[in-house]
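Next come the chains, spelled out residue by residue.
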Amino acid sequence: MKQNQNRWIMGGAIGLATVAVALDHTRHKLPDPQPGDQAIHEQYVDEDMAPCGIGSGNPCGLDVGNPCGFDTSNPCGFDTGNPCGFDAGNPCGFE
Amino acid sequence: MSSITSNVKPDTTVTILTSIAIIIVAVLLQNAFASKQVLLFLIGAGLGISLYHASFGFTGGWRNFIRERRSAGIRAQLLLFAICTVLFFPILGEIFPQLSVQGANAPVGVSIMIGSFLFGIGMQLGGGCGSGTLFTVGGGHVRMLITLCFFIVGAFIGSMHLHWWLSLPSIGSISFIQLLGWIPALLIQLGVLAALYVTVIKMEANRNKEVADLRSNESNDSVSAKLIFGPWPLWWGAISLAILSFITLLVAGHTWSITFAFGLWGAKIWDALGGNVAALPYWSSGYPSLALEQSVLADTTSLMNFGIILGAVLAAALAGKFAPESKIKWNGLVSAVIGGLLLGYGARLAFGCNIGALFAGISSGSLHGWLWLVTGFIGNIVGVRFRSLLKLD
């Protein structure tokens, strides 16, 4: 295939992926926003206390207060049923 | 100072479009989420640039060693592992207790052995590993786009079967940091990596009478020109990947991983087509279920993958090599399909790819990373044989 043809294929693929991501993003809920100063304060506290990482979206931080340290007995280990653990592919350590 | 464009003609259109795309995505992420997501996306872009400019692939490096005992690629990987061992072990050993990060630890068992073996075959047939597939797709290689599509399919199918594989024998996860303490574990691991480094050098010298220098580079441009337009020597790649991986650990709270996102994309596509993904055990609990419910942009692994692809597009455009001419023959097409499926399925069984399980596992002092190395390498030997049978070379 010629370079120009390849460029169009790649451009089309990236464009298609962008549309797919946009569709997915709009059909799924975002984390609830927290308005006002209290929210900022809470966010600050959460980030400070989040046991595994800096903030929202961290799969190890689902349960603020759970110790996501290195200990295998913690919820980021691989106990079945815990929110951070067992399931392989969890970015919280299993992959 | 010499001209920074002495030997390179950048693809200006693609460079500008990609730069704009990266800025727009970063702004959208800042609005929809938080600075953390922006940072991880930009780290991904940095990884993509590093991978592309240094041509830092595991697949080619391993193939060169298996066939010709050329060890430059493997030595660069060992250097990467060693730097990350030094950076990761103290943090994972909790020298800063307030800093909560999670290393990559996974059970050592049949699942990982079979998975990494299949992944190894897939590397050689598909023409790339986890990181390699992403950065070559970003570079505009159409055949790798086919590999990526089937990588996604394979990862999703693997997630359907994972519970059965996990029922097979396993001895659980073994962390050398927990077992020995981080300082002895660090010293032992550095010793093992150094021994491997010396061994592959000796093997290369025995076969080829000379040993390639990691600092060698085909370009005679200035440092600043090489930094922007490439190509980079392998050791630059190892250092930049190590630093960006370390920043990922600190920012995300977990190690760099790639292939979870592929399974997630497959699950979301299946869901959009009317499939009942939520009924599958893997996707019905824990983080996978949460990731399925949320926007794909909320998943840090996906975000970083998008960043890697865009970073590689930018690097390829700067190098004037975006979307090179190519011929896809029937054997290349078949191997891309089979290789992609094996890569995806194998990565799911093996708790990750060459990045999420091999690199992150070893950098975290986990035995599963070392097991992945052994069985994945054996898979590569088999894969190289298959390449010959399919006349891919």
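To start, this report covers the structure provided alongside it.

## Focus on unusual backbone geometry
All names here are of chain B. The amide bond that connects Gly230 to the next residue, Pro231, takes the cis arrangement and shows omega of -10°. Residues other than glycine seldom take positive phi values, yet Ala323 does so here, at roughly 50°. Here Ala323 is to be found in the loop between helix H14 (300–318) and helix H15 (330–349). The exposure class assigned to Ala323 is buried, which follows from its relative accessible area of 0%. For Phe351, which is not a glycine, the phi torsion comes out positive at approximately 60°.

## Some thoughts on the nonpolar core
A general tendency of soluble globular proteins is for nonpolar side chains to be buried together. Residues and elements named next belong to chain B. If you look at the biggest cluster of nonpolar residues, it comprises 104 residues, and the most contacted ones within it are Phe56, Phe58, Phe119, Trp256, Phe262 and Trp372. Residues contacting Phe262, with those up to four places away along its chain left out, are Leu134, Leu148, Phe151, Ile152, Ala155 and Asn305. The next biggest cluster of nonpolar side chains, apart from the first, holds 12 residues, and it includes Leu162, Ala267, Tyr282 and Leu292.

## Some details on the environment of Thr133 of chain B
All names here are of chain B. For Thr133, the position within the fold is in helix H6 (residues 130–138). On the accessibility criterion, Thr133 (0% relative accessible area) is buried. Measuring from C-alpha to C-alpha, the distance between Thr133 and Gly320 comes to 20 Å, with 187 residues separating the pair along the chain. Look past the residues within four positions of Thr133 in its chain and what remains in contact with it is Gly128, Met144, Thr147, Leu148, Phe151 and Leu343.

## Let's talk about the pattern of salt bridges
The tally for this structure, following the rule as stated, stands at 7 salt bridges over all chains. With its nearest N and O atoms 3.9 Å apart, the salt bridge here joins Arg27 of chain A to Asp271 of chain B. Taken as a pair, Arg27 of chain A in helix H1 (residues 3–27) and Asp271 of chain B in helix H12 (residues 259–272) lie in two separate chains rather than in one. You can call Arg27 of chain A partly exposed: its relative accessible area is 49%. For the salt bridge of Asp213 of chain B with Arg215 of chain B, the shortest nitrogen-to-oxygen distance reads 3.1 Å. The class for Asp213 of chain B is partly exposed, based on a relative accessible area of 36%. With a relative accessible area of 59%, Arg215 of chain B lands in the exposed category. Here the residues in one salt-bridge network are Arg67, Arg387 and Asp393 of chain B, joined through shared partners.

Reading the values: the criteria
Residues numbered from 1 in each chain as written. Chains lettered and ligands numbered in written order. Predicted model: local features only at pLDDT ≥ 70, side-chain atom pairs only at ≥ 80, totals over all residues. Heavy atoms only, no water. Helix = DSSP H or I, 4+ residues; strand = E, 2+ residues; numbered from the N terminus. Buried < 20%, exposed > 50% of the residue type's maximum accessible area, 1.4 Å probe, protein only. Core = buried A, V, L, I, M, F, W, Y, C linked by side-chain atoms within 4.5 Å. Contact = heavy atoms within 4.5 Å. Salt bridge = Lys/Arg side-chain N within 4 Å of Asp/Glu carboxyl O.

These results come straight from atomic positions and should not be treated as a statement about function.
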